[in-house]
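Here are the chains, one letter per residue:
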Amino acid sequence: MPSLQEELFPSTPGKFKIERSNAMNRQFHRCFASTSTMFLWALFLIALTASYLSFQSFVDSGSRYLSASWGGIQWEKQVRSSAQIHRSGGMSVLVTGAAGFVGSHVSLALKKRGDGVVGLDIFNNYYDPSLKKARKSLLSNNGIFVVEGDVNDARLVGKLFDVVAFTHVMHLAAQAGVRYAMENPQSYVHSNIAALVTLLEACKTANPQPAIVWASSSSVYGLNENVPFSELDRTDQPASLYAATKKAGEEITHTYNHIYGLSITGLRFFTVYGPWGRPDMAYFSFTRNILQGKPITIYRGKNRVDLARDFTFIDDIVKGCLGSLDTAGKSTGSGGRKRGPAPYRIFNLGNTSPVTVPTLVSILEKHLKKKAKRNYVDMPGNGDVPYTHANISLARRELGYKPTTDLQTGLKKFVRWYLSYYGYNNGKPVN
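An account of the accompanying structure is given in this report. It should be emphasised that the depicted structure is a prediction, and the values quoted were computed from it without experimental measurement.

**A look at the nonpolar core**
Nonpolar side chains in soluble globular proteins tend to be buried together. By size, the foremost hydrophobic cluster in this structure holds 68 residues, and its most contacted members are Val102, Val106, Met170, Phe269, Tyr283 and Leu360. If we ignore the near neighbours within four places in the chain, the residues touching Val102 are Leu172, Phe269, Val272, Ile314 and Ile317. Counting residues in hydrophobic clusters, the runner-up holds 33 residues, among them Ala83, Val164, Val169 and Leu200.

Set out below in structure tokens:
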């Protein structure tokens, strides 16, 4: 098989000698020209690729900017408009978790009486986000702007304080649920501890510093056996990670109050229920399953004792939240420095009338006009406690807190909302 050189140059000597030399020169020039051309093409392709990548990076950056859920002149205008106060002596409140159950109700109550309200919510998928979006629409229809974002985003929270000098913060954003903590513990640290610190850092450097009211939980009482639960009882024996993160929140807020002069009020909610509630709560899932003809699981404690909860209607919780905001003393710090002592308070917000879970089911059956398929099982070791009962004497004295809705009345209102929201007529879905 001829070599590459033999293919390029004839092997016959003599008369072809000169031609071979000339041919070699011509071929060399051709190869050089070809190599140069390839080199130039390579440079061109490299430049083209670099230009494309640079342009793509520019486009991606622009897309991220254009698709960002916050920032810009129009966004700032919406925030300022929503925060505008419409009553004498009113307040401007940043409500975190505004698209949540309690957050949406508190936001509407504040706006209704003329306070400025700006909401902040991450719209995660812990439960159906469409319910949160529906709450957001309700708030928007009432002139409340809800920013979509994470309280852990220090830049976003800092920007909100740059745009509006909030007088108060109602911190209701949290990862809720006792049992879910066994599946996703990191979410509780992220939302209930890290986010709280991020918010407090923004508040401590704000000028003026806002007064802060935030949601703790009755879960902090953990294994406490003194009833009814008092704010003076021990809370160092949590029964769940959720409870532990809420207890950690109480310690963290006390630290920021002590060092930076932030006025802080913690509210220990007791089993809140009502319209626009959370689908993961027992009364909500019981209602859904009863209507669908599915069995419901009812837990029992030791010795087959029925579990009982201090069920508290949402309207009563809202009254406690507003009372806490209205009576919160001013923060005393400036530029991150404490100028004097500031109020630090903790209150129970409950109904003071515990009801057993089987009784709750019976009330639902009455309002739904349909019997439940009950399945009784022993309570697993998942962090739940058998009994809760709030002592609200301190909240009654300091906040004027007085719950007025019993479980029978509250569940009737919830069922009416549920049937309307999910499209039921006479207990049957309307297609």
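Moving on, there is more to tell.
**Side note on the sheet that holds strand β1 (residues 92-96)**
The sheet built from 7 strands is open, its strands ordered β3-β2-β1-β4-β5-β6-β13 with parallel pairing. Of all the strands in the sheet, just β3 (145-148) and β13 (344-349) have a single pairing partner and so form its edges. Between one strand axis and the next, the sheet turns by 20° as a mean value, whatever way the strands run. Inspection of the sheet shows strand β2 (residues 116-121) paired to β3 by 4 bridges, in the parallel sense. Counterpart to Asp121 in the pairing with β3 is Glu148. Lying over the sheet, helix α3 (residues 73-83) contacts β1, β2 and β3, oriented at roughly 130° with respect to β2. Against the sheet, helix α7 (residues 185-205) engages β1, β4 (168-171), β5 (211-215) and β6 (264-269), with an angle of about 180° to β4.

**Quick look at the pattern of salt bridges**
According to the stated counting rule, one finds 17 salt bridges in the structure shown. For Glu148, the salt bridge is made with Lys133, and the minimal N-O distance between the two is 3.4 Å. A residue pair is termed long-range when its members are at least 10 positions apart, and Glu148 in strand β3 and Lys133 in helix α5 (residues 129-141) qualify at 15 residues. A residue is classified by how much of its surface remains accessible, and Glu148, at 32% relative accessible area, is partly exposed. On the basis of relative accessible area, Lys133 is assigned to the partly exposed category, the value being 35%. A salt bridge links Lys371 to Glu365, with the shortest nitrogen-to-oxygen separation between them at 3.8 Å. You can call Lys371 exposed: its relative accessible area is 66%. Salt bridges sharing common partners tie together Arg87, Arg113, Asp115 and Asp326.

**Remarks on the pairing of β6**
Here β6 lies mainly inside the structure; 6 of its 6 residues are buried. Of the two faces of β6, the one carrying Ile264, Gly266 and Arg268 and the one carrying Thr265, Leu267 and Phe269 are both buried. As defined by bridge partners, β5 adjoins β6 across 4 bridges and the pair is classed as parallel. Within the sheet, the bridge partner assigned to Trp214 lies in β6 and is Gly266. Tracing the backbone out of β5, into helix α8 (residues 241-260) and back to the parallel element β6 gives a crossover that is right-handed. Two strands pair when backbone bridges link them, and β6 and β13 are joined in this way by 6 bridges, in the parallel orientation. Looking across to β13, one finds that Leu267 is bridged to Phe347.

**Points about unusual backbone geometry**
Of the consecutive residues Asn207 and Pro208, the connecting peptide bond is found in the cis state with omega at 5°. If you trace the backbone, Pro208 turns up in the loop between α7 and β5. Note that the residue after Val227, namely Pro228, is joined by a cis bond; omega there is -5°. A positive phi angle is found at Thr271, which is not glycine, with a value near 35°. For Thr271, the position within the fold is in the loop between β6 and β7 (272-273). Residue Thr271 is classed as buried on the basis of its relative accessible area, which comes to 19%. Of note in the backbone geometry, Trp276 takes a positive phi value of approximately 65° without being a glycine. Tracing the sequence through the fold places Trp276 in the loop between β7 and α9 (282-291).

**Notes on the environment of Ala154**
Following the sequence through the fold, Ala154 ends up in helix α6 (residues 154-163). Since its relative accessible area comes to 52%, Ala154 is described here as exposed. Linking Ala154 and Thr198, residues 44 residues apart in sequence, is a C-alpha distance of 6.1 Å.

**Here's the deal with a positive patch on the surface**
The grouping of Lys366, Lys412, Lys413 and Arg416 at the surface amounts to a positive patch. For the positive patch, the element with the most residues is helix α13 (residues 407-421), which contributes 3 residues. Checked against the element boundaries, Lys413 lands in helix α13.

**So, the packing of α9 against helix α11 (residues 357-368)**
One can describe the packing of α9 onto α11 by two numbers: an axis separation of 10 Å at closest approach and a directional angle of 45°. Judged by the inter-axis angle, α9 sits oblique to α11. Like other packed secondary-structure pairs, α9 and α11 cross with a definite hand, here right-handed. Each of Tyr283, Phe286, Thr287, Ile290 and Leu291 in α9 lies in contact with α11, whose residues at this interface are Val357, Leu360, Val361, Leu364 and Leu368. Here the residues of the contact of α9 with α11 are counted per class, giving 9 nonpolar, 1 polar and no charged.

About the cut-offs
- Residues numbered from 1 in each chain as written.
- Predicted model: local features only at pLDDT ≥ 70, side-chain atom pairs only at ≥ 80, totals over all residues.
- Heavy atoms only, no water.
- Core = buried A, V, L, I, M, F, W, Y, C linked by side-chain atoms within 4.5 Å.
- Buried < 20%, exposed > 50% of the residue type's maximum accessible area, 1.4 Å probe, protein only.
- Contact = heavy atoms within 4.5 Å.
- Pairing = 2+ DSSP bridges.
- Helix = DSSP H or I, 4+ residues; strand = E, 2+ residues; numbered from the N terminus.
- Axes fitted to C-alpha atoms, helices over the stretch in contact; angles between N-to-C directions.
- Salt bridge = Lys/Arg side-chain N within 4 Å of Asp/Glu carboxyl O.
- Right-handed = clockwise from strand over helix to strand, strands pointing away.
- Patch = residues over 30% accessible without salt bridge, like charges linked within 9 Å, V, L, I, M, F, W, Y side chains within 5 Å.
- Areas by Shrake-Rupley, 256 points an atom, 1.4 Å probe, with all protein chains shown as cover.
- Lys, Arg positive; Asp, Glu negative; His and termini not counted.
- Charge placed at Lys NZ, Arg CZ, Asp CG, Glu CD.
- Parallel < 35°, antiparallel > 145°, perpendicular 65-115°, else oblique.
- Left-handed = near helix turned anticlockwise from the far one by under 90°.
- Nonpolar A, V, L, I, M, F, W, Y, C, P; charged D, E, K, R; others polar.

By themselves, these observations are geometric and do not establish any function.
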